[in-house]
Amino acid sequence: MIAIRVDMNNQIATGHLMRCLSIAEALRFHNEEVMFIVADEQPIEFLSQRNFRYIVLNTQWNNMESEVKELTKIIIDKNIDKLLIDSYQVTYKYLNEISNITKTIYIDDLGKFEYPVNTVICYANYWKKLGYDLNNTKTKYFLGTKYVPLRKEFWNIKNKHISDDVENVLIMTGGSDPYNIAGLMLCGIDRSKYKKIDVICGRYNSNYNDLVAGYRNESNVSIHRNVSNMEDYMMNADIAISAGGTTLYELCACGTPTISYTFVDNQIDNAKQFDEDGLIRYAGDVRDGDIVKSINSILKKMKDDYKLRKDMSHRMQLCVDGRGTMRVADIMCEKCI
């Protein structure tokens, strides 16, 4: 059996869980039995909706060493021969102890230390900056954007059609929006210039009700929450404005010309790398200045330059082809791991 150790809550939001769910869906194509192991009950709704088995450890998600004894017992009792781990809370001791009883696969994008696991998967576009010891024969590395584990809705995306005019704008803020960037953007852009402005609020966006109330009388502004067809909004948008993170890889798969911004440290590296590679324009960090002014400046340039948007879209889809999830599943099914 393959198990996946991952958590979700209002501090780490949904990103880790969603990419693990994508991998689990791909493993089903291989007829693999998959079970999730979580610290508490917060992810249960997502797991139940997709009919995945799960075990709740009833431990602290940010103190993973305290769960080693219980997790070890589960691994032995359930005959788990491979464990995918996706958490920033791991320690060397934790990974080392778990790797002594089962084969371990770790999803990484930080390069915090030399991970004592069987396999490291890092799909981050900035992986070369993390200093992995590729001469380490104890660990296999699978690196780069070809391994981005996107949801199945992105596995077979068509080439993006780029319109001559920018009429539809998509604003996304991730699982939460602590700086109310969606509100600031709506106030700061000339909304009359666009036929449609869609704002996607995440599960933990505390500003959602205020946004709905504030723009209910503007027919071209729609506020959404927890949408299940994100890919449709991405494909329909002429330009997207998005926080950094996994969403940027989804936008690449869709080929939607995008402006990114960041508001937490772990978003910065991939946002900057996409900008350096000429794929997604980076407007800066919310904590450092007038982000709306910066976004508006880039938005105007992109809006007026059809060729720029078309070139960006082409490079984005070359970078992320949407098939990374299946590649990760293939890796996990290999007997040599």
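For every chain, the first residue of the written sequence is number 1, and numbering continues from 1 onward in sequence order. Side-chain atom pairs in this predicted model are given and counted only at pLDDT of 80 or more, local residue features only at pLDDT of at least 70, and totals for whole chains, interfaces and linings cover all residues. Only heavy atoms go into the side-chain values, all of them from the structure, while hydrogens and water stay out.

Quick look at the pairing of strand 9 (residues 196-201)
Under the convention used in this document: Think of it in three bands: with a 1.4 Å probe and only protein chains considered, a residue is buried below 20% of the maximum accessible area for its type, exposed above 50%, and partly exposed in between. Here a strand is any run of E in DSSP of at least two residues, a helix any run of H or I of at least four, and the numbering for each starts at the N terminus. Pairing between strands is defined by DSSP: at least two bridges between them are needed. With the strands aimed away from the viewer, a crossover counts as right-handed if its path from the first strand over the helix to the second runs clockwise.
Here strand 9 lies mainly inside the structure; 5 of its 6 residues are buried. Of the pairings in the sheet, the one linking strand 8 (residues 168-172) to strand 9 comprises 5 bridges and is parallel in character. Counted as the bridge partner of Met172 is Ile200 from strand 9. Following the chain from strand 8 across helix 5 (residues 181-188) to the adjacent parallel strand 9, one finds a crossover that is right-handed. As paired elements, strand 9 and strand 10 (residues 221-225) share 5 bridges and run parallel to each other. Directly across from Ile200, in strand 10, lies its bridge partner His224. Handedness of the β-α-β unit built from strand 9, helix 6 (residues 208-214) and strand 10 comes out right-handed.

What about the layout of surface pockets?
Put simply, the test is: Using only the protein atoms, space was sampled on a 1 Å grid; points where a 1.4 Å probe fits but cannot get out form cavities, open sets with protein on both sides within 12 Å along at least five of seven lines form pockets, and lining residues are those with an atom within 4 Å of a point. Grid points are joined across faces, edges and corners, and a volume is the space filled by probe spheres set on the points. For this classification, the nonpolar set comprises Ala, Val, Leu, Ile, Met, Phe, Trp, Tyr, Cys and Pro, the charged set comprises Asp, Glu, Lys and Arg, and every other residue, Gly included, is treated as polar.
In this structure, the second largest pocket occupies an estimated 220 Å³ of space. Along the walls of the second largest pocket sit Tyr92, Asn96, Ser99, Asn100, Glu114, Tyr115, Pro116, Val117, Asn118, Asn136, Lys138 and Thr139, which together make up its complete lining. A per-class count over the lining of the second largest pocket returns 4 nonpolar, 6 polar and 2 charged.

A closer look at unusual backbone geometry
Backbone geometry at Asn31 places phi at a positive 60 degrees, although glycine is not the residue there. One can find Asn31 in the loop between helix 1 (15-29) and strand 2 (34-38). Since its relative accessible area comes to 73%, Asn31 is described here as exposed. Phi at Asn58 takes a positive value of approximately 60 degrees, unusual for a residue other than glycine. Among the secondary structure elements, Asn58 is positioned in the loop between strand 3 (53-56) and helix 3 (68-77). Exposure remark for Asn58: the relative accessible area of 62% places this residue in the exposed category.

In short, geometric facts, not functional conclusions.
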